[in-house]
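Here is how the chains run, residue by residue.
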Amino acid sequence: MIETKGLRKSFKSRQGRETKTVEAVRGVDLFVQEGEIFGFLGPNGAGKTTTLRMLATLIEPDGGEATIAGADLRQAPGEVRRRIGYVAQGGTTWDEVSAREELVLHARMYGISKAEAQRRAVRALEAFQLTEYADRKCKTYSGGQRRRVDIALGIIHEPKVLFLDEPTTGLDPQSRAHMWDEIRRLRGEGITIFVTTHYLEEADALCDRMAIMDHGLIVAEGTPAELKREISGDVVTVGLNGSTPKAAELFDTEPYIKKLETVDDGGLRLYVDEGATAIPHILRKLDGAGIELGSIELHRPSLDDVFLEKTGRSLRES
Amino acid sequence: MKPFRDTWLIFQRQTLLILRNPVWLIIGVLQPLYFLLLFGPLLKDALPVSNAAEAYRIFVPGLLVMLAMFGAMFTGFGLIAELRAGVIERSRVTPISRVALMLGRALRDVATLLVQALLITLLAIPFGLTVHIGDLLLAFLMLGLIGVMMSAASNALALKLKTEDALAPLMNGLAQPLLLLSGILLPLTGWLATVAKFNPFAWAVDASRALFAGDAGDPKVWQSLLILGALTVAALMWAGRSFARGVR
Ligand SMILES: Nc1ncnc2c1ncn2[C@@H]1O[C@H](COP(=O)(O)OP(=O)(O)OP(=O)(O)O)[C@@H](O)[C@H]1O
Ligand SMILES: [Mg+2]
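What counts as what
- Residues numbered from 1 in each chain as written.
- Chains lettered and ligands numbered in written order.
- Predicted model: local features only at pLDDT ≥ 70, side-chain atom pairs only at ≥ 80, totals over all residues.
- Heavy atoms only, no water.
- Axes fitted to C-alpha atoms, helices over the stretch in contact; angles between N-to-C directions.
- Helix = DSSP H or I, 4+ residues; strand = E, 2+ residues; numbered from the N terminus.
- Left-handed = near helix turned anticlockwise from the far one by under 90°.
- Contact = heavy atoms within 4.5 Å.
- Nonpolar A, V, L, I, M, F, W, Y, C, P; charged D, E, K, R; others polar.
- Near = heavy atom within 4 Å.
- Polar contact = N/O pair within 3.5 Å; in protein donor to acceptor, adjacent residues only side chain to side chain.
- Areas by Shrake-Rupley, 256 points an atom, 1.4 Å probe, with all protein chains shown as cover.
- Buried area = accessible area lost by both parts, 1.4 Å probe.
- Salt bridge = Lys/Arg side-chain N within 4 Å of Asp/Glu carboxyl O.
- Donors = N, O, S within 2.8 Å, 3.2 Å for Na, K, Ca; no water.
- Buried < 20%, exposed > 50% of the residue type's maximum accessible area, 1.4 Å probe, protein only.
- Domains from an automatic or database assignment.
- Pairing = 2+ DSSP bridges.

J.: Could you clarify how one ought to interpret the packing of helix H2 (residues 23–39) of chain B against helix H7 (residues 98–124) of chain B in this entry?
T.: Two measures define how a pair of helices packs: the angle their axes make with one another and the distance between the axes. Residues and elements named next belong to chain B. Direction vectors running N to C along H2 and H7 enclose 35 degrees, while the axes themselves pass 10 Å from each other. Regarding H2 and H7, the two cross each other, and that crossing is right-handed. Contacts between H2 and H7 involve Trp24, Leu25, Gly28, Val29, Pro32, Leu33 and Leu36 from the first element and Thr112, Gln116, Leu119, Ile120, Leu123 and Ala124 from the second. A class-by-class count of the residues in the contact of H2 with H7 yields 10 nonpolar, three polar and no charged.

Printed below as a string of structure tokens:
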């Protein structure tokens, strides 16, 4: 649905007398399949918005190429515009008009007739639970309501691909969960969704596949599960009362244990592929040797760990 | 067809917004109104005229040019607010004609200023202003050209500068000399008159005065329409390109 090759963009910005060049996007290759939710994760300034704005025909790439929903970004930007929806990171609505007025005008900007635009607005307002506020000015909406209007605007012309730039930033946990449901519903309608986020748990919960971007480059790509597996697998930590060396000897020869470390305050850290299936083996082994188990803990890698591994930084500190 | 339809679409929305909050429409009339009431009476003694009515016949046509200049000159500020709200970017992801985005807004400015100009013209009639309808229409055509030109230029600058802080001093810096060198307030003499030859608004003022004097055949009329027409086309191209290019 979306394929990019070597997409690049740099900005010149003036600081006093010097002009500095910011290489915002430094060569992005992406492949997004039809009908999936594709997550685009990265810290502030990674180049996510810049990439999206290039794909949405808002800024011209310095280099590289892209095909979106079968239309070539450079050859046929008009065709790309007809096939995509784009919801910007900041708001997109004007204070002094109502959601209905915005929806009708926006639909008409796609060449849709007035009557049809009004019908679509009604449907979109219903789908996004906005009917109640439809004729109030946008400035009276809550953050979550306003964000829903933004997304309703993005799909009013029934695009094949929808770009969402941080749709959940600034929403409370409940509204965020609602937003996830909306996004899944859109995928159910056959729209391919390309969504950027700062939240690892969001990418994990929502996305079929994802890419991590840092400093203008893609540093990892895959399903959330693949990315997690790629880094380390699961870790089982067993707490033992005094018999650690004996247990270490016991597990040294077990095939399903990839690596083994001693924990400082007595106990072992066992690196395995699949924690859930390894634990019964571990328990049986300890039991058979008559070693008393103090505690057992399973740690599965999070996307946080993936991010740390790929960028050398935790997402929180960047 | 499409650019016309798109322009109409933007024009409708923009006009709706003005009608919903007409305070700026009224403020726009106030300035020329003040000049009419508080400055006009001084002109009888300052101009080589025999009575007040004659002074108004010279002053009001210039006042209308001023109205057109300033009415559209500050339109870029509204555009910056729209940029910030994300409305412009949302429009630019649709296949709507880029020229329409700009022309729809410029025509809103023209419509506003023509309403204001009509109001000032009617208010000036009791003071002794006279005009034939044909000449008036030609004068309003000229005011419309000024409106489109100023609106387009203001919007193009707004897209370039992107902040009110940068736009405001530039606009004020341009507005004052253009006004003073137009001969609207007082007739220009000496070297000022020479410099004013390079001010398109000075030409417009002369043409406007000729039209209100019933002299549509005055070469100043076609000359100024030609100058303004050319500048309008240039400003439209400039602004249209700015809308097409990457603005946030
Ligand atoms: N119009 C512009 N002019 C100059 N620099 C820009 C412009 N747009 C973006 N940049 C720079 O490009 C880099 C990437 O910005 P971008 O907005 O793409 O990041 P992002 O990943 O979306 O970040 P965030 O998570 O904060 O939204 C940043 O360093 C930013 O300052
Ligand atoms: Mg961003």
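Now that the structure has been shown, we can carry on.
J.: Which parts of the structure should I look at to understand the site of ligand 1?
T.: Among the 15 residues in the neighbourhood of ligand 1, the closest are listed as Asn44, Lys48, Thr49, Thr50 and His198 of chain A. Neighbouring residues of ligand 1 are distributed over chains A and B. Here Asn44 of chain A contributes a side-chain N or O atom positioned 2.6 Å from an oxygen atom of ligand 1. At 2.6 Å, a side-chain N or O of Lys48 of chain A approaches an oxygen atom of ligand 1. A total of 630 Å² of accessible area belongs to ligand 1 in isolation, and the protein chains cover 71% of it. Broken down by secondary-structure element, the contributors of at least two residues to the shell around ligand 1 are strand S2 (18–32) and helix H1 (48–55) of chain A. Looking at the shell around ligand 1 element by element, the count peaks at three residues for H1 of chain A. Across the shell around ligand 1, the residue classes tally to five nonpolar, seven polar and three charged.

J.: Just checking my understanding: could you explain the interface of chain B and chain A for this structure?
T.: Frequently, the measure chosen for interface size is the accessible area removed from exposure when the parts meet. With 25 residues of chain B at the interface, the matching set in chain A holds 27 residues. The junction of chain B with chain A conceals about 2,500 Å² of combined surface from both sides, 56% of it contributed by carbon and sulfur atoms. Counting the surface chain B buries against chain A, the share from its top three residues, Arg13, Arg90 and Val93 of chain B, is 29%. Taken together, chain B and chain A are joined by four salt bridges. The partner of Glu102 of chain A in a salt bridge is Arg13 of chain B, with the nearest N and O atoms 2.9 Å apart. Linking chain B to chain A there are 12 residue pairs in polar contact (both at pLDDT 80 or more). Contributing elements (two or more residues each) for the side of chain B that touches chain A: helix H1 (2–20), helix H5 (75–85) and helix H6 (87–92) of chain B. Per element, the largest residue contribution to the side of chain B that touches chain A is eight residues, and it comes from H1 of chain B.

J.: Help me understand the coordination of the magnesium ion (ligand 2) in this model?
T.: For a metal with four donors in a tetrahedral arrangement, the ideal angle between donors is 109.5 degrees, while six donors in an octahedron ideally sit at 90 or 180 degrees. Binding of the magnesium ion (ligand 2) to the protein goes through Thr49 of chain A (OG1) and Gln89 of chain A (OE1), at separations of 1.9 to 2.2 Å. One end of the pair, Thr49 of chain A, is in helix H1; the other, Gln89 of chain A, is in the loop between strand S6 (84–87) and helix H3 (99–109), with 40 residues separating them in the sequence.

J.: What is the right way to look at the pattern of salt bridges in this model?
T.: One side chain can pair with another of opposite charge once the charged atoms of both are near each other. One pass over the structure, following the stated rule, counts 29 salt bridges over all chains. As a salt-bridge pair, Arg105 of chain B and Glu82 of chain B come within 2.9 Å of each other at their nearest N and O atoms. Pair noted here: Arg105 of chain B is in helix H7 and Glu82 of chain B is in helix H5, with a separation of 23 residues, a long-range link. There is no split in this pair, since Arg105 of chain B and Glu82 of chain B are both buried. For Glu164 of chain B, the salt bridge is made with Arg84 of chain B, and the minimal N-O distance between the two is 3.0 Å. Here Glu164 of chain B, found in helix H9 (residues 164–180), pairs with Arg84 of chain B, found in helix H5; they are 80 residues apart in sequence, far enough to count as distant. Accessibility expressed as a relative area gives 55% for Arg84 of chain B, which makes it exposed. Taken together, the shared-partner salt bridges in this structure form one network comprising Glu116, Arg119, Arg120, Arg123 and Glu158 of chain A.

J.: What exactly am I supposed to notice about the domain arrangement of chain A here?
T.: Along its sequence, chain A is organised into domain 1 (2–228) and domain 2 (233–300). A straight line from the C-alpha centre of domain 1 of chain A to that of domain 2 of chain A covers 46 Å.

J.: Sorry, what's going on with the sheet that holds strand S7 (residues 161–165) of chain A here?
T.: In sheet architecture, strand pairing relies on hydrogen bonds along the backbone and comes in two forms, parallel and antiparallel. Residue and element names in this part refer to chain A. As summarised here, the arrangement of the six strands in space is S6-S7-S8-S3-S9-S10, forming an open sheet in which the pairing is mixed. Looking along the sheet, the strands with just one partner apiece sit at the ends: S6 and strand S10 (217–222). The average undirected angle you get between the axes of adjacent strands in this sheet is 15 degrees. Looking at chain direction, S6 and S7 are connected through four bridges and run parallel. Looking at the pairing, Ile84 lines up with Val161 of S7. Across the sheet, helix H5 (residues 143–155) touches S6 and S7, and the angle it forms with S6 is around 160 degrees.

J.: Just to check I follow, could you spell out the environment of Gly85 of chain A for this structure?
T.: Residue and element names in this part refer to chain A. Residue position: Gly85 is located in strand S6. Taking the C-alpha atoms as reference points, Gly85 and Leu162, 77 residues apart in sequence, are found 4.6 Å from one another. In contact with Gly85, other than residues within four places in its own chain, are Gly154, His157, Pro159, Val161, Leu162 and Phe163.

J.: Is there a simple way to think about the pairing of strand S13 (residues 268–272) of chain A in this case?
T.: If a strand is regular, its side chains alternate between the two faces of the sheet. Residues and elements named next belong to chain A. For S13, the tally of buried residues reaches four of five residues, placing the bulk of the element in the interior. Where strand S12 (residues 257–262) lies against S13, five bridges are found, and the strand directions are antiparallel. Across the sheet, Thr262 pairs through a bridge with Leu268, a residue of S13.

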